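Structural features, examined
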Amino acid sequence: MKCYRFRIYPSKTQEKQMNTHLWLAKNLWNDLLEHSKTTYQNFDKFPTKSTFAAMTKDSGLHSQVAQEIGFRVEKGIWRYVKLRKAGDRKAGFPRFRSIDRIKSLHYSQSGFSVDQKLKVTPFGEIPIVQHRQINGKIKTLSLKKETSDKWFACFAVEETPTIKASNGKPKVGIDLGLKILATLSDETIIKNPRHLKKHADHLASLQQLLSRKKKGSRNRWKAKREVALAYEKVVNTRTDFLHKATTNLVNSYSLIALEKLASQEMSEQNFGKSINDAGWGMFANMLAYKAESAGCQVVFVDPKNTTQECSCCHQIVNKNLTERTHECPSCGLTMDRDLNAAHNILARATQGHWGSNAFGDVPQGTSLKEEAHAL
Ligand SMILES: [Zn+2]
């Protein structure tokens, strides 16, 4: 499943209607929870599926949207029951939600169609900007509202696999870093965009302001919203940038080698300031899913000593974090530290003795989406 996300422009009336539906969704979620709690308190059991079905029917929402909320509440409760039975005393009952916590309306099968325009029951035709073509069969639609009040349509699409023959372009190794996002073995450098740093700094200062506001105050609420907006900006800027960079890469190379654990290790090191993490996980994911249709192959290699090893004579040359140049005492190779690493990464992917043609084996990085939700 691939996700396509497009900006939509509902009219004032539609927007009002959609907001009402978010509100109805919140009510339904809370009603179902409340009912489950009282049923359990009075009868020592949870409501049956048919009670849930009857309640979702009268919610005022589209049947698909209502059903999905029902499923989610049910799933949440069963998860809680299962964990409790297994002895997990910390397992929490699904929580009641405020309107801030309900952000999307989910259509799991029907109730919508899209070609030039998006049609959604009961809102009607909503203008949509499809900046790329949908390849495959559309399965679900989520209408999402961001903190900035912008609306998006997200389609989950089942792709028709099109395996292209190799695009015949050169092979490349990539070393990922903090200041410079990527150093390529052919000496190309991909820098993080400057405005990203600006947005991230702004976010950091807003976060500091927030920490000084009194709990429960109106000012705190305002500051929190500003943080969420700034966060959204950072995430969007970075995602756009990564999309452009990765599309460019898969179209320019037939093989791209990356370190296997880079994103995991790095995000652990940077835990707590993940906003500064350069988004390696996302970068690797995007490369992996875009590669196939572009006739490119992505290979993840063993990351051990890629920085220390000499890419010419394979001698281990130890260096600390501040040493930016690789200088080999054995063979005399002098080269930028990251470039040397990129050469090693490429060699490991192509020589085969590391046995790592790990196409599709994507390392798990921190998901920004999840972080954004946590706010
Ligand atoms: Zn050497």
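One can find the structure itself at the top, above this paragraph.
Residues numbered from 1 in each chain as written. Predicted model: local features only at pLDDT ≥ 70, side-chain atom pairs only at ≥ 80, totals over all residues.

1. Points about the nonpolar core
One finds Ile174, Ile256, Ala257, Leu287 and Ile345 to be the most contacted residues of the largest nonpolar core, which totals 35 residues. Looking at this core, the elements with two or more residues in it are strand S9 (171-176), strand S10 (180-184), helix H5 (218-252), strand S12 (255-259), helix H7 (280-291), strand S13 (297-301) and helix H8 (337-351). The greatest single-element share of this core, amounting to eight residues, is contributed by H7. With near-sequence residues (within four places) excluded, Ile345 lies in contact with Gly173, Ile174, Asp175, Ala257, Leu258, Glu259, Val301 and Thr306. (Core = buried A, V, L, I, M, F, W, Y, C linked by C-beta atoms within 7 Å. Buried ≥ 20, exposed ≤ 12 C-beta atoms within 10 Å, placed from the backbone. Helix = DSSP H or I, 4+ residues; strand = E, 2+ residues; numbered from the N terminus. Contact = placed C-beta atoms within 7 Å.)

2. Focus on helix H4 (residues 194-212)
Here H4 contains 19 residues, and its C-alpha end-to-end distance of 28 Å stays within 8% of the 27 Å for a straight helix at 1.5 Å per residue. For H4, the full list of buried residues reads Leu196, His199 and Leu203. Buried positions in H4, seen along its axis, are confined to an arc of 65° and lie on one side of it. For H4, the exposed residues set more than 90 degrees away from the buried face come down to Arg194, Asp201, Ser205, Gln208 and Arg212. Each element contacted by the buried residues of H4 is listed here: H5. (Expected span 1.5 Å × (residues − 1). Arc of directions from axis to C-beta.)

3. Observations regarding the sheet that holds strand S8 (residues 151-158)
Within a sheet, adjacent strands bond to each other through the backbone by hydrogen bonds, running parallel or antiparallel. In spatial order, the strands read S2-S7-S8-S1-S6; together these five strands make up an open sheet with antiparallel pairing. Looking at strand neighbours, the two that pair on one side only are strand S2 (104-107) and strand S6 (128-129), the edges of this open sheet. As defined by bridge partners, S2 adjoins strand S7 (residues 137-145) across four bridges and the pair is classed as antiparallel. Residue His106 lies in a different strand from S7, and its bridge partner there is Ser142. (Pairing = 2+ DSSP bridges.)

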